[in-house]
Amino acid sequence: MVDKIQFYPIDVTYKIIDEKPVIHLFGRTIDNKQVCVLYDSFEPYFYVVPKKGFDISDELKNLRVEREGSAYSIARTEMVKKKYLGKEINAIKVFTKLPKDILILREELRNLSAIESINENDILFVNRFLIDKNITPLILYEAEGSFVAQKLKVSAFMADKIEQFSTETFLNPRILSVDIETYMPQYKEIEPEKNPIIMIALYANDFKKVFVWKHFKTELDYVEFVESEADLIEKFKAAVESYKPDILTGYFSDGFDLPYIKARADKYKIKLDLGLDFSEIKIEQRREETAQITGLTHLDIFKFIRKIISGTLETDSYSLNAVASEILGEKKHDVDLNELSADWNSKLENMNKFCEYNLNDAALSYKLAEKLMPIISEMVKITGLTIYDVNRMGFSQLVEWYLLRQAPNFNEMSPNKPTNEDIM
């Protein structure tokens with residue numbers, strides 16, 4: 001018997017299962033349950049354009065590449081008619097077994113003199129899937145298939161078919177905001193390897209907590225004491241898992257809060273496996289530092305404001321105080337953070353004001369995310385990208401992805417990005 005579920009996709013990734021790439025679409029069902037919709041019938045591919053008059057079918061069929069003890073070959077090919085820069089061309093759609101095979105095979109194919117160009121080889125597999133299957137995150141879809149057992153924190157549904165059910169948009173994702181305060185000796189640099197986290201605040205409309213690992217007298221009902229910094233990190237992890245947010249947000253949380261928490265967790269050998277597939281927070285340093293959690297969208301609202309809406313703001317400062325003041329009409333609490341470490345050492349009776357400050361920062365981040373969510377969701381619908389990707393792209397990249405999304409509607413094959421040599 002075939003089951004059907006209706007769901008809003010929020011995050012997408014893939015995993016290799018039984019030597020096959022399986023798409024994982026994490027989202028919420030129409031009855032507000034977390035789910036992961038699996039799809040295992042999408043093949044990675046790219047295009048090859050042979051030079052006029054050349055037949056390269058045998059070369060493609062017989063291509064074998066050895067790299068570090070592994071063999072790579074083309075799974076199958078398909079002749080297609082495409083438009084390229086407005087002209088009709090004959091192209092070869094080259095399918096591979098795994099997404100990573102594309103990088104190896106394209107390099108080998110560049111050595112064949114009979115090839116005019118190799119196209120669309122740098123589109124990430126999950127984005128290729130979203131484009132080809134015309135799936136837009138946050139829009140309502142229906143999946144046909146059956147529930148299956150998978151090592152996930154949410155129900156898994158293996159889909160035979162995924163189709164758009166309506167244009168209804170997921171407007172109220174479950175958002176949780178995080179903000180940390182750390183120990184920092186006066187005039188010293190921030191050093192997560194050496195200095196502990198003093199407190200962690202979590203905020204949502206229906207959840208307010210500040211976790212602290214030294215005891216002091218307080219009447220703040222949202223303050224909860226733990227016995228050590230390691231317990232503090234464990235408490236943070238447990239609270240996030242219990243709240244089950246769709247979005248974890250913060251202000252400069254890519255560059256500070258989440259990398260700092262991860263660094264301190266590593267120190268205590270705590271597995272920060274917040275991913276819905278039990279994976280840990282992934283910190284990457286490319287052009288900018290990023291923190292990613294599988295199935296749980298990390299929205300650094302500072303980045304969205306700086307990259308996307310900064311031109312509409314009157315303030316020249318992107319500080320949380322300046323931005324919150326203009327957008328929300330609210331401000332940060334006025335405390336001297338230079339006193340925090342000294343008070344932590346010897347004047348714990350002063351810690352209440354820092355707890356209030358910590359929670360307020362988390363609240364401002366939450367309110368900014370909530371306020372800007374309609375704009376973010378529209379950007380998602382225009383580009384077809386996830387919130388995570390929209391959050392970390394500039395306008396030129398968003399325009400590029402919009403064009404890539406539209407190209408199949410015109411049967412157009414996308415040109416390659418110019419190399420540095422082309423630009424110069």
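What counts as what
- Residues numbered from 1 in each chain as written.
- Predicted model: local features only at pLDDT ≥ 70, side-chain atom pairs only at ≥ 80, totals over all residues.
- Heavy atoms only, no water.
- Pairing = 2+ DSSP bridges.
- Helix = DSSP H or I, 4+ residues; strand = E, 2+ residues; numbered from the N terminus.
- Axes fitted to C-alpha atoms, helices over the stretch in contact; angles between N-to-C directions.
- Buried < 20%, exposed > 50% of the residue type's maximum accessible area, 1.4 Å probe, protein only.
- Arc of directions from axis to C-beta.
- Contact = heavy atoms within 4.5 Å.
- Patch = residues over 30% accessible without salt bridge, like charges linked within 9 Å, V, L, I, M, F, W, Y side chains within 5 Å.
- Areas by Shrake-Rupley, 256 points an atom, 1.4 Å probe, with all protein chains shown as cover.
- Salt bridge = Lys/Arg side-chain N within 4 Å of Asp/Glu carboxyl O.
- Phe/Tyr/Trp six-rings, centres within 6.5 Å; stacked < 30°, edge-to-face > 60°.
- Lys NZ or Arg CZ within 6 Å of the ring centre and 35° of its normal.

A. Molecular detail of the sheet that holds strand 8 (residues 115-119). In spatial order, the strands read 5-6-7-4-8; together these 5 strands make up an open sheet with antiparallel pairing. Two strands close off the open sheet at either side, each with one partner strand: strand 5 (64-67) and strand 8. Sheet twist, expressed as the mean angle between neighbouring strand axes with direction ignored, is 35 degrees. Two elements, strand 4 (residues 45-50) and strand 7 (residues 87-96), share 4 bridges in a ladder whose sense is antiparallel. Directly across from phenylalanine 46, in strand 7, lies its bridge partner valine 94.

B. Broad picture of helix 2 (residues 101-109). Asp101, Ile102, Leu105, Arg106 and Leu109 are the residues of helix 2 that are buried. Down the axis of helix 2, the sector holding all buried residues measures 120 degrees, keeping them to one side. Looking at the packing, one finds that the buried side of helix 2 touches strand 4, helix 1 (57-62), strand 5, strand 6 (70-84), strand 7 and strand 8.

C. View of a nonpolar patch on the surface. Together, Ile382, Val399, Tyr402 and Leu403 make up a nonpolar patch on the protein surface, roughly 370 Å² of accessible area in all. By the secondary structure assignment, tyrosine 402 is in helix 11 (residues 395-406). When its relative accessible area of 37% is taken as the criterion, tyrosine 402 is described as partly exposed.

D. Here's a closer look at the pairing of strand 8. Taking burial as the measure, the 5 residues of strand 8 include 4 buried ones, the bulk of the element. Direction of pairing for strand 4 relative to strand 8: antiparallel, over a ladder of 4 bridges. Residue pairing in the sheet places valine 48 in a bridge with isoleucine 118 of strand 8.

E. Representation of the sheet that holds strand 2 (residues 21-29) within the structure. Judged by pairing direction, the barrel is mixed, and its 5 strands sit side by side in the order 1-2-3-10-9 before closing back on the first. Neighbour to neighbour, the strand axes of the sheet diverge by 50 degrees on average, direction disregarded. Note: strand 3 (residues 34-39) against strand 10 (residues 155-169), 4 bridges, orientation parallel. Paired with valine 37 across the two strands is phenylalanine 157, which belongs to strand 10. Contacts from helix 3 (residues 125-132) reach strand 1 (3-16), strand 2, strand 3 and strand 10 within the one sheet, and its direction differs from that of strand 2 by about 65 degrees.

F. Examining the side chain of serine 365 more closely. When you line up the elements, serine 365 lands in helix 9 (residues 351-383). Since its relative accessible area comes to 1%, serine 365 is described here as buried. Not counting residues up to four positions away in its chain, the partners in contact with serine 365 are Ser177, Thr249, Gly250, Tyr251, Ile301 and Leu320.

G. Quick look at the packing of aromatic side chains. Taken as a whole, this structure holds 15 aromatic pairs when the rule is applied. Ring centres 5.1 Å apart and planes at 75 degrees place the aromatic pair tyrosine 14 and phenylalanine 125 in the edge-to-face group. Note that tyrosine 14 is positioned in strand 1 and phenylalanine 125 in helix 3, a separation of 111 residues in sequence. Taking 5.5 Å as the distance between ring centres and 75 degrees as the angle between the ring planes, the aromatic pair formed by phenylalanine 42 and phenylalanine 129 counts as edge-to-face. On the criterion of sequence distance, the pair formed by phenylalanine 42 in the loop between strand 3 and strand 4 and phenylalanine 129 in helix 3 is long-range, its members being 87 residues apart. Phenylalanine 129 shares its class with phenylalanine 42; the two are buried. Put simply, the rings of Tyr14, Tyr39, Phe42, Phe125 and Phe129 pair up and form one aromatic cluster. Over the aromatic face of phenylalanine 278 sits the side chain of lysine 153, whose NZ or CZ is 5.4 Å from the ring centroid. Its guanidinium or amino end placed over the ring of tyrosine 268, lysine 267 lies 5.8 Å from that ring's centre, counting from NZ or CZ.

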